[in-house]
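# A look at the structure
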Amino acid sequence: MSVTGIIFSNVHDSNIPELTRLRTTASVPYGCRYRFIDFTLSNMVNSGVTSVGIITQENYQSLTDHIGTGKDWDLASRAGGVKLIPPNFTAFAQNSRQSTAPTRLESLKSATVYISRRKEELVVLSDCDVICNVDLGDMIEFHKKTGADITLATKKTVLSAEQAAKNIIIRSDKDARVNDLLVYPKDLTGEHDISLNIMVMGRQRLLDIITDASAHGYTSFNSDVILRNLHSLKIMSYSYEGYFACVGSLSEYFACSMQLLDPDVRKALFGIKNRPVYTKIRNSPPTRYTAGSFVSNSLLADGCVISGTVENSIIFRGVTVRSGAVVRNSIVMQDSVIGAGASLNCAVLDKNVVIKDNVVLSGHESLPFYVPKNSIV
Amino acid sequence: MLQKKECVAMLLAGGQGSRLYNLTEKTAKPAVPFGGKYRIIDFTLSNCVNSGIDTVGVLTQYQPYVLNEYIGNGQPWDLDKTYGGVKLLPPYQRSNGAYWYRGTANAIYQNLGFVERYDPDYVLILSGDHIYKMDYSDMLRYHREKGADCTIAVIDVPLAEASRFGIMNTEPDGKIYEFEEKPPVPKSTKASMGIYIFGTGVLKKYLAEDDANPSSANDFGKNVIPAMLASGAKMYAYPFTGYWKDVGTVQSLWEANMDLIGEHPALDLRTPERRIFSRNATRPPHFIGRDGKVENSLITEGCEIYGTVINSVLFGGVKVGAGAVVSDSVIFEETEISEGATVDHSILDCRIKVGKNCVIGAPVSEGSAITLLGADMTVDDGVKVPAGTMSSDLSKEVK
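Calculation criteria
- Residue positions within a chain follow its written sequence, with the count starting from 1.
- Throughout, the order in which chains and ligands are written sets their labels, letters from A for the former and numbers from 1 for the latter.
- Two thresholds apply to this predicted model, a pLDDT of at least 70 for residue-level local features and 80 or more for giving and counting side-chain atom pairs, whereas whole-chain, interface and lining totals are computed over all residues.
- Computation of side-chain values: all heavy atoms of the structure, hydrogens and water removed.
- Runs of H or I in DSSP of at least four residues are treated as helices and runs of E of at least two as strands, each being numbered from the N terminus.
- In this setup the radius of gyration rests on C-alpha atoms only. A globule is expected at 2.2 Å times the number of residues raised to 0.38.
- Note on exposure labels: buried denotes an accessible area under 20% of the residue type's maximum, exposed denotes more than 50%, and partly exposed covers the range between, all computed with a 1.4 Å probe on protein chains only.
- Residue contacts are defined here by distance: any two heavy atoms, one from each residue, within 4.5 Å place the two residues in contact.
- Only the protein chains shown count as covering a residue, and every accessible area follows the Shrake-Rupley method with a 1.4 Å probe.
- Under this rule, positive means Lys or Arg and negative means Asp or Glu; His and the chain ends count for nothing.
- One atom stands in for each charge, and that atom is NZ of Lys, CZ of Arg, CG of Asp or CD of Glu.
- In this description, strands pair whenever DSSP reports at least two bridges between them.
- For a crossover, the right-handed case is the one in which the path from the first strand over the helix to the second runs clockwise, viewed with the strands pointing away from the viewer.
- Side-chain rings of Phe, Tyr and Trp (the six-membered ring for Trp) are treated as a pair once their centres are within 6.5 Å; stacked means planes under 30 degrees apart, edge-to-face means over 60, and tilted covers the remaining angles.
- The term nonpolar core refers to a set of buried residues drawn from Ala, Val, Leu, Ile, Met, Phe, Trp, Tyr and Cys, joined through side-chain atoms within 4.5 Å.
- Every angle, taken between N-to-C directions, lies between 0 and 180 degrees, and every axis is a line fitted to C-alpha atoms, over only the stretch in contact when it is a helix.
- Put simply, angles under 35 degrees are roughly parallel, angles over 145 are roughly antiparallel, angles from 65 to 115 are roughly perpendicular, and the rest are oblique.
- Crossings are classed by handedness, with left-handed meaning an anticlockwise turn of the near helix from the far one by less than a right angle and right-handed meaning a clockwise turn.
- In this count, Pro and Cys sit with the nonpolar residues alongside Ala, Val, Leu, Ile, Met, Phe, Trp and Tyr, while Asp, Glu, Lys and Arg are called charged and the others, Gly among them, polar.
- Accessible area that two parts lose when put together, evaluated with a 1.4 Å probe and summed over both, is termed the buried area.
- Think of a salt bridge as a Lys or Arg side-chain nitrogen and an Asp or Glu carboxyl oxygen that are within 4 Å of each other.
- Think of a polar contact as two N or O atoms within 3.5 Å of one another; within protein, one of them needs to be a possible hydrogen donor and the other a possible acceptor, and neighboring residues in sequence only count if both atoms come from side chains.
- Domains are outlined according to an automatic or database domain assignment.

What follows concerns the overall build of chain B. The secondary structure content of chain B amounts to eight helices and 33 strands. Since a compact globule built from 399 residues should have a radius of gyration of about 21 Å, the 22 Å found for chain B is in line with a globular shape. When burial is assessed residue by residue, chain B has 59% of its 399 residues classed as buried. Taking the intrachain contacts of chain B between residues at least 6 apart in sequence as the baseline, contacts between residues at least 24 apart amount to 58%. Within the structure as shown, chain B displays about 16,000 Å² of accessible surface, and the carbon and sulfur contribution to it stands at 49%. The centroid of the 40 positive side-chain charges in chain B is displaced by 4 Å from the centroid of its 49 negative side-chain charges.

Here is the structure:
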């Protein structure tokens, strides 16, 4: 059965405002060489989805640049491939833009033409910040086998109150049929099934939902569509058991990034046979370590020159760490330069930052010190 | 509708490269891995693209599978063009028979039909076994300015080594008056780099004459260039300054890899201009463990380092176990060095499993010879492979 993909690139833009000031959530850099959307795109490609529409609203320059023709995901294809779906503003209806942070349902309205022109029977919809390696093929099989109208991917997760308030909690019966759904509950803790914000449904079903939502002025997929239809539609919960990073804030971004230093996490995310994670190819040379370098418990991409000390850190492509510099417990994004004798601790450096010689910056793991893109410190 | 190209490059990639031993057992020399994430041919292909040449014929003959797959449609080098791009040119059958490529000149001669399809003014002849970054468009400009029939790129080599090369003796303006192949007493230090630019008409004329000569070995250096000089053709030497290395031997391949490391490497791959492109494997970032130690080395994506790596080049997906020490070595893709093993002054091909506490090779400081292990070998725990071993002497499983 053929399946097409839809990815929402802007839905969680307000979660990490520091990192999404100049970019979509989809293009937030993650894990030395990736962007958030790479995980979702790779999950789709690895499951045989060969046409993907990415719904964008604003700030999508970096995303356009990252995706390019889609060839790095083998999505440069005449039959489908990857298409960016920008917002549908017209010269006659300037006010058609409903809100600055549109919901999934609102963004889907601008994609109806795209969706209706696809030929696939099923559609898989996913948020862009789903850091996991899920076999969507298996989820689609489950969807078909159970005769579901809509299938939601869920993961059993132990939540703090802060995390629960940023997640959709799914409750289901013993047959995995969803019977309740809590939207961003307050004061909830403990182990619950959270929604991964990945859904499978018939393409025609999706079009009907969008039409109905327009007519009724519905805006939320979870509150207006799922909750209202718990009895009239068969909504199933597909339980995913692999690794999932739930990134709802800068401190969670920091914590989840640091989890990548754990070999088991890397194995669960990158080490699954035939399910690699693709990203934009940059043609960086291998990373060069010079004679005085000292690196421990760190993950580094290609293209760096390391002459100083790096410990417990995530180093993106093209970073320079000069001699005598010390980078500890930090995330340093693409092409940043750490000057001689400088010292970083619990810092998140966005792209292209220059830390001058002997500068000392320190944050705390609960409140990492964030340095915006292109800053000179 | 064919479009004219100003210059078409013809890249000679059919050589066996027997002095690379096991490395070219199943792979043509241009497809031999180099520098952590490249293959030798990436340098010439990237030079073409960076010089504005978008039509490249790659002449293949020996063990082509790896090379064919690697080049594919040319997409990594932006050579997947609607018109032009990179084309693989193996020997083929024609109405009057089928012939292997008998020499460098004959390989081009057999493919003049390919060249003619693009109606170029110039043909650039390249070999796929050198490591260098060069702007061919500058050489082409020189060729046009001199009004030359043929321009040969030359590089200054130390006088003591000049007798290993084809040496060009030139007038002060660069005009070549004599060519000597490996002269015992060299008159100059201008060594041919095996890079030629010909006017298309001139090339066709001399290749036809060469083909008609039954005693010719059909080689550019040995036959065509001397014949052109003898007949009074206008031939110029284009002086190239910069890094250039023939990687035809195990020793020179090792040296060229070592030239990439250090504070100021002899060949800096990180400069933004004239980038080298390659076909990328999909691997996660590399990881250095808590007790890992890496100094003066190149490490590529997918590596996991729990031991020590010094003065070495590691390709993608190499694993170095805790307590293992890799020094002065080049380790190709997916090779695994287990806990406590020592690898010194060696080249290890792809997917080798080096067992625990093995000792491969001996330190450079002891004046050891290079050790070479071929692809897919397994070396049992605790085995000692003496310095200077070439894996062709060993079985696939060393016990």
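Our focus in this paragraph is the pairing of strand E5 (residues 81–85) of chain A. Residue and element names in this part refer to chain A. Pairing geometry for strand E4 (residues 51–55) and E5, over five bridges, is parallel. Paired with Ser51 across the strands is Gly81, a residue of E5. With respect to chirality, the unit in which E4 leads through helix H3 (residues 61–67) into the neighbouring parallel E5 is right-handed.

Residue and element names in this part refer to chain A. For the structure on display, the rule yields 22 aromatic pairs over all chains. For the ring pair Tyr30 and Phe39, a centre distance of 6.1 Å and an interplane angle of 80 degrees mean the geometry is edge-to-face. Each member of the pair, Tyr30 as well as Phe39, is classed as buried. Both rings, one in Tyr30 and one in Tyr253, keep their centres 5.7 Å apart while their planes meet at 70 degrees; by these two values the pair is edge-to-face. Placement of the pair is Tyr30 in strand E2 (residues 29–30) and Tyr253 in helix H10 (residues 250–259), with a sequence separation of 223 residues. Classification of Tyr30 by relative accessible area gives buried; the value is 0%. Following the ring pairs from residue to residue traces out a cluster consisting of Tyr30, Tyr34, Phe36, Phe39, Tyr253 and Phe270.

Let us now look at the nonpolar core. Counting residues in hydrophobic clusters, the biggest one holds 47 residues, and the most contacted among them are Ile338 of chain A together with Ile337 of chain B. Dropping the residues within four chain positions of it, Ile338 of chain A is found in contact with Thr320, Val321, Arg322, Ala325, Val327, Val332, Leu344, Leu349 and Ile355 of chain A. Counting 44 residues, the second largest nonpolar core, distinct from the first, contains Tyr62, Tyr70, Tyr142 and Tyr238 of chain B.

Below, the discussion takes up unusual backbone geometry. Look at Asp187 of chain A: it is not a glycine, yet its phi comes out positive at around 55 degrees. Examined against the element boundaries, Asp187 of chain A turns out to sit in the loop between strand E10 (178–183) and strand E11 (190–202). Take Asp187 of chain A: its relative accessible area is 75%, and that puts it in the exposed class. For Lys182 of chain B, which is not glycine, the phi torsion reads 45 degrees and is therefore positive. Of note, Lys182 of chain B is situated in the loop between strand E12 (176–181) and strand E13 (190–199).

In this section: the packing of helix H6 (residues 200–212) of chain B against helix H7 (residues 220–230) of chain B. Residues and elements named next belong to chain B. Interaxial distance between H6 and H7 falls to 10 Å at its minimum, and their mutual angle equals 115 degrees. Considering their axes alone, H6 and H7 lie roughly perpendicular with respect to each other. By crossing handedness, the relation of H6 to H7 is classed as right-handed. Here Val202, Leu203, Tyr206, Leu207 and Asp210 of H6 lie close against H7, whose contacting residues are Phe220, Asn223, Val224, Ala227 and Met228. Each residue belonging to the contact of H6 with H7 can be placed in one class, and the counts come to eight nonpolar, one polar and one charged.

This part is about the interface of chain B and chain A. With 39 residues of chain B in contact, the opposing surface of chain A contributes 41 residues. Taken together, both faces of the contact between chain B and chain A bury some 3,100 Å²; the carbon and sulfur share is 46%. For the pair chain B and chain A, the number of links is five salt bridges. Notably, a salt bridge pairs Lys37 of chain B with Asp302 of chain A, separated by 2.9 Å at the nearest N-O pair. Scanning the region where chain B abuts chain A turns up 25 residue pairs in polar contact (both at pLDDT 80 or more). For the side of chain B that touches chain A, a count of residues per class yields 15 nonpolar, 13 polar and 11 charged. Bridge count between strand E16 (residues 298–300) of chain A and strand E16 (residues 286–288) of chain B: three bridges; the pairing is antiparallel. The partner of Leu300 of chain A across the bridge, within E16 of chain B, is His286 of chain B.

Summarising the element assignment, Glu106 of chain A is placed in helix H4 (residues 104–109). Buried and unpaired, Glu106 of chain A has no salt bridge, with Lys109 of chain A as the nearest side chain of opposite charge at 5.7 Å.

Residue and element names in this part refer to chain A. Once the domains are mapped, chain A shows domain 1 (3–270) and domain 2 (288–371). Between the C-alpha centres of domain 1 and domain 2 the distance comes to 32 Å. The contact between domain 1 and domain 2 buries some 1,700 Å² in all, and 73% of this surface belongs to carbon and sulfur atoms. For the domain 1 face of the interface with domain 2, the top three residues by lost area are Cys32, Phe254 and Leu261, together amounting to 40%. Counting the contacts that link domain 1 with domain 2 gives one salt bridge. With a shortest N-O distance of 2.8 Å, Asp350 and Arg23 are connected by a salt bridge. Here domain 1 and domain 2 share four residue pairs in polar contact (both at pLDDT 80 or more) between them. Mapped by element, the contributors of at least two residues to the side of domain 1 that touches domain 2 are helix H1 (17–20), E2, strand E3 (34–35) and H10. A per-element tally of the side of domain 1 that touches domain 2 places H10 first, with six residues. When the residues that make up the side of domain 1 that touches domain 2 are grouped by side-chain class, the tally is 11 nonpolar, three polar and five charged.

Moving on to the sheet that holds E16 of chain B. The strand order across the open sheet formed by 12 strands is E28(A)-E25(A)-E22(A)-E19(A)-E16(A)-E16(B)-E19(B)-E22(B)-E25(B)-E28(B)-E31(B)-E33(B), and the pairing between neighbours is mixed. In this open sheet, the two edge strands, each paired with only one partner strand, are strand E28 (369–371) of chain A together with strand E33 (397–398) of chain B. With two bridges connecting them, E16 of chain B and strand E19 (residues 304–305) of chain B associate as parallel partners. Bridging from a neighbouring strand, Ile288 of chain B pairs with Ile305 of chain B of E19 of chain B.

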